[in-house]
Amino acid sequence: MKLLLLEDEISLGEVIRQYLVGEGYVCEWVKDIPEALDKIAVYEYDCVLLDLMLPSGSGLEVVKALKIQNVECGIIILSAKDSLEDKLLGLDLGADDYLPKPFHLSELNSRIKSILRRRRFNGENEIVFNELTIIPAAQEVKVLGNPIVLTRKEYNLLLYLLTNKNRVLTKSNIAEHLYGDEIDQADTFNFLYSHVKNLRKKMVDTGSVDYIQSVYGIGYKFAEK
Amino acid sequence: MKLITKASRIFLITCSIALVIGTFLGVIIFKRIMSDEATEHLLNQRLKVENYVLQNKQLPTNQFTLSDSLWFTSESSIKGYELKDTLFYNYIEAEPLMYRKISFGVVSNGNKYTASILKPMYETEDLTEAIVLTLFGIVLLIVSALFVTNYLISKRLWQPFHQTLESLSGFKITQRDSLVFAQTDVSEFNQLQEQLSDLTNKVRSDYQSLKSFTENASHELQTPLSVIGSNLEMLIQDENLTENQLKQISQLIDSLGKVSKLNQTLLLLTKIENRQFATTEKTDLSEVLENKLALLHTWVNHKSIDVKTVILPDVCIHISPYLLEILLNNILGNAIKYNTHNGKLNIHLSDDKLVIENLGAKPDYSTEEMFGRFRKGRSNGDSLGLGLAIVKQICETYQFEISYNYTNDFHSLTIQFK
């Protein structure tokens, strides 16, 4: 999987690139629009991550260029400019997703994976982890071929944990992914706890190993023991 | 009150007062003059009678050559001179009328007489009345003419002012072009238009720079926050961290979350204040409210809150959908957050208002302070205390009236739509 990151902020670009490389992507990082335009003219990418406010203009230019060249790649806009118009304009121009700064790297990872799944396999693929199988298109989860019934939140929680497997995810990170700004943070932690508890129980009852590890004081990690 | 009405009113009041005082004074002065005239006339006739008696040594045979109404009465002694107003019965008019009478002593051939002369005063009354009425009529006519002319001229003169006012009322802070005013040759109005042009241009440019400032500030702050957050996220992946170190990092992450939330919220407040959410749509509040409640279901269940709703269908208001979402999130969120366990939540939506009541502890501060920024109860360290400030700002933007009170353990928030 090849990604292009357009981000003018050195320290931020560096940490995003490092994270994505750690996730097993090939990630090229450019710092301004002309460079990005050069890259997309020559190479093919699976997904392009764009900042909007750049020294030489708006990242939306790159979205336009990608659409003109009819390149089949996912586009995620990463921007602090979280005004509604920018968001709508970006999505209108053909961006697949919009992630306002500051964001969690794991959230970015989850969005990239989701776009790649949709693009590559028309959403038909399965995510397999040992005895666990998730079919995102049908929102189905199977353990050893037996379907388990999860609530929407439990399903989203499992998918998010699995997408970011082997990584420690903070409680606020997961809560934000599940609830957005819907509910005040303080209460979401209680829900999260009960969601995790229920999910664990359902999985273990169906014969799965308990992959969800609690990391003391911080959050959770989905990994093989 | 319109300017022209005010000017006309002042004009009319002044004229009326002047007219009344003028008429009053006129009557007094006129009467005084007539009275003096009458007295002078009587004194003249007295002189004439005395001269006649002195020259002819007898009373006049034909009294009417000297005066219209002169008569003599013989007296035993000489009476002094006397001037007084008396009523005499007038046979022609068939009523008692006012006369001025002068009487004085005359001696003729050793006989003593009193001569009396009458002068009718009632004629004076009639004359005064006629003159005053005429004068009053003329003045009234002049005043009316002046008034009408003044009214018409004022209306014409102030026309550019009204046009300018009209242009100004169409001014929007977000508009791209300068205001255009109708031409006028009155220098005061020209000056007014110039000042207004300068002012509105300044306001527009300030607004633009403020708008871009908020966006830039957001960008400049969010980026470092992103850098810190992302690095902390990377850091906690390290397997070699001790429990203590993890705890410290977790505190950093929590605080960072607060800072970035605070930044977003303050920016949101500024944006609402600057009216940067220009898009208002006719929104079905009933539907949005029902959806929101469905989303909050888990939370409500979690706290075992008894929810009672009376939601009138198809209640529509004009609002930015984004702001409506924030508004409902905040008020419903508060009603759940500050509710007691096994508490109560009543939601009542009617055509013109939304009332949300919830059980909860008595607030730590007065109801007036409720909507202030950074207001939070002692027990809510996590809260930013900006939720109700945002709610209030949104309500102000759309001229909704918001009120809060606390009675019988119930917090009650009412939003009245216009």
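First, a word on scope: everything that follows refers to the structure included in this document. (Residues numbered from 1 in each chain as written. Chains lettered and ligands numbered in written order. Predicted model: local features only at pLDDT ≥ 70, side-chain atom pairs only at ≥ 80, totals over all residues. Heavy atoms only, no water.)

## Brief notes about the sheet that holds strand 7 (residues 97–100) of chain A
Residue and element names in this part refer to chain A.
Next, step 1: Within the open sheet, the five strands sit side by side as 2-1-3-6-7. Their pairing is parallel. Where the open sheet ends on each side, the last strands, each with one partner, are strand 2 (26–30) and strand 7. The sheet shows a mean angle of 20 degrees between the axes of neighbouring strands, direction not considered.
Next, step 2: Here five bridges tie strand 3 (residues 47–51) to strand 6 (residues 74–79), and the two strands are oriented parallel to one another. The residue of strand 6 that forms the bridge with Cys47 is Gly74.
Next, step 3: Against the sheet, helix 2 (residues 33–42) touches strand 1 (2–6) and strand 2, its axis set at about 160 degrees to strand 1.
Next, step 4: Contacts between helix 3 (residues 60–68) and the sheet are confined to strand 1, strand 3 and strand 6, with strand 6 contributing the most and set at about 175 degrees to the helix. (Pairing = 2+ DSSP bridges. Helix = DSSP H or I, 4+ residues; strand = E, 2+ residues; numbered from the N terminus. Axes fitted to C-alpha atoms, helices over the stretch in contact; angles between N-to-C directions. Contact = heavy atoms within 4.5 Å.)

## Section: the packing of helix 5 (residues 243–273) of chain B against helix 9 (residues 387–397) of chain B
Residue and element names in this part refer to chain B.
Next, step 1: Running from N to C, helix 5 and helix 9 point in directions that differ by 15 degrees, and their axes come no closer than 9 Å. For the element pair helix 5 / helix 9, the angle class is roughly parallel. In terms of crossing hand, the pair formed by helix 5 and helix 9 is left-handed. In contact with Thr265, Leu268, Leu269, Ile272 and Glu273 of helix 5, helix 9 contributes Ala389, Ile390, Gln393, Ile394 and Thr397.
Next, step 2: Of the residues that constitute the contact of helix 5 with helix 9, the class distribution is six nonpolar, three polar and one charged. (Parallel < 35°, antiparallel > 145°, perpendicular 65-115°, else oblique. Left-handed = near helix turned anticlockwise from the far one by under 90°. Nonpolar A, V, L, I, M, F, W, Y, C, P; charged D, E, K, R; others polar.)

## Looking at the environment of Tyr113 of chain B
Residue and element names in this part refer to chain B.
Next, step 1: For Tyr113, the location among the structural elements is in strand 4 (residues 111–120).
Next, step 2: Between the C-alpha atom of Tyr113 and that of Ser77, which follows or precedes it by 36 residues, the distance is 8.0 Å.
Next, step 3: Among all residues touching Tyr113, those that are not within four sequence positions of it are Leu59, Phe72, Thr73, Ser74, Glu75, Phe104, Gly105, Val106 and Ser108.

## Brief notes about the interface of chain A and chain B
Next, step 1: In this complex, chain A contributes 39 residues to the contact, which on the side of chain B involves 35 residues.
Next, step 2: Carbon and sulfur atoms make up 59% of the surface buried where chain A meets chain B, a total of about 3400 Å² over both sides.
Next, step 3: The salt bridge involving Glu239 of chain B is made with Lys221 of chain A; its shortest N-O contact spans 3.0 Å.
Next, step 4: Counting every contact that joins chain A to chain B gives five residue pairs in polar contact (both at pLDDT 80 or more).
Next, step 5: Of all elements in the fold, only helix 1 (10–22), helix 4 (84–93), helix 5 (105–121), strand 12 (168–170), helix 7 (171–179) and helix 8 (185–206) of chain A reach the threshold of two or more residues within the side of chain A that touches chain B.
Next, step 6: Considering each element in turn, the side of chain A that touches chain B owes the most residues, five residues, to helix 1 of chain A. (Buried area = accessible area lost by both parts, 1.4 Å probe. Salt bridge = Lys/Arg side-chain N within 4 Å of Asp/Glu carboxyl O. Polar contact = N/O pair within 3.5 Å; in protein donor to acceptor, adjacent residues only side chain to side chain.)

## Quick notes on a negative patch on the surface
All names here are of chain B.
Next, step 1: A surface patch of like charges, here negative, comprises Glu93, Glu95, Glu123, Asp126 and Glu129.
Next, step 2: With three residues, helix 2 (residues 122–157) is the single largest residue contributor to the negative patch.
Next, step 3: Along the chain, the position of Glu95 falls in strand 3 (residues 95–108). (Patch = residues over 30% accessible without salt bridge, like charges linked within 9 Å, V, L, I, M, F, W, Y side chains within 5 Å. Areas by Shrake-Rupley, 256 points an atom, 1.4 Å probe, with all protein chains shown as cover. Lys, Arg positive; Asp, Glu negative; His and termini not counted. Charge placed at Lys NZ, Arg CZ, Asp CG, Glu CD.)

## Here we look at the nonpolar core
Next, step 1: Of all hydrophobic cores here, the largest spans 73 residues; its most connected members are Leu132, Leu158, Ile174 and Phe222 of chain A together with Leu289, Leu354 and Ile394 of chain B.
Next, step 2: Looking at which element gives the most residues to this core, the answer is helix 8 (residues 321–337) of chain B, with nine residues.
Next, step 3: If we ignore the near neighbours within four places in the chain, the residues touching Ile174 of chain A are Leu157, Tyr160, Leu161, Leu169, Leu192 and Tyr220 of chain A.
Next, step 4: The next biggest cluster of nonpolar side chains, apart from the first, holds 23 residues, and it includes Leu20 and Leu116 of chain A together with Val227 and Met234 of chain B. (Core = buried A, V, L, I, M, F, W, Y, C linked by side-chain atoms within 4.5 Å. Buried < 20%, exposed > 50% of the residue type's maximum accessible area, 1.4 Å probe, protein only.)

## Quick notes on the pairing of strand 4 of chain B
Residue and element names in this part refer to chain B.
Next, step 1: Across five bridges, the pairing between strand 1 (residues 70–74) and strand 4 is antiparallel. Pairing of Thr73 across the sheet is with Thr114, part of strand 4.
Next, step 2: Two strands pair when backbone bridges link them, and strand 3 and strand 4 are joined in this way by 10 bridges, in the antiparallel orientation. Considered in strand 4, the bridge of Val106 is made with Tyr113.
Next, step 3: Connecting strand 3 to the next strand, strand 4, in antiparallel fashion are two residues, including Asn109 with a positive phi near 55 degrees.

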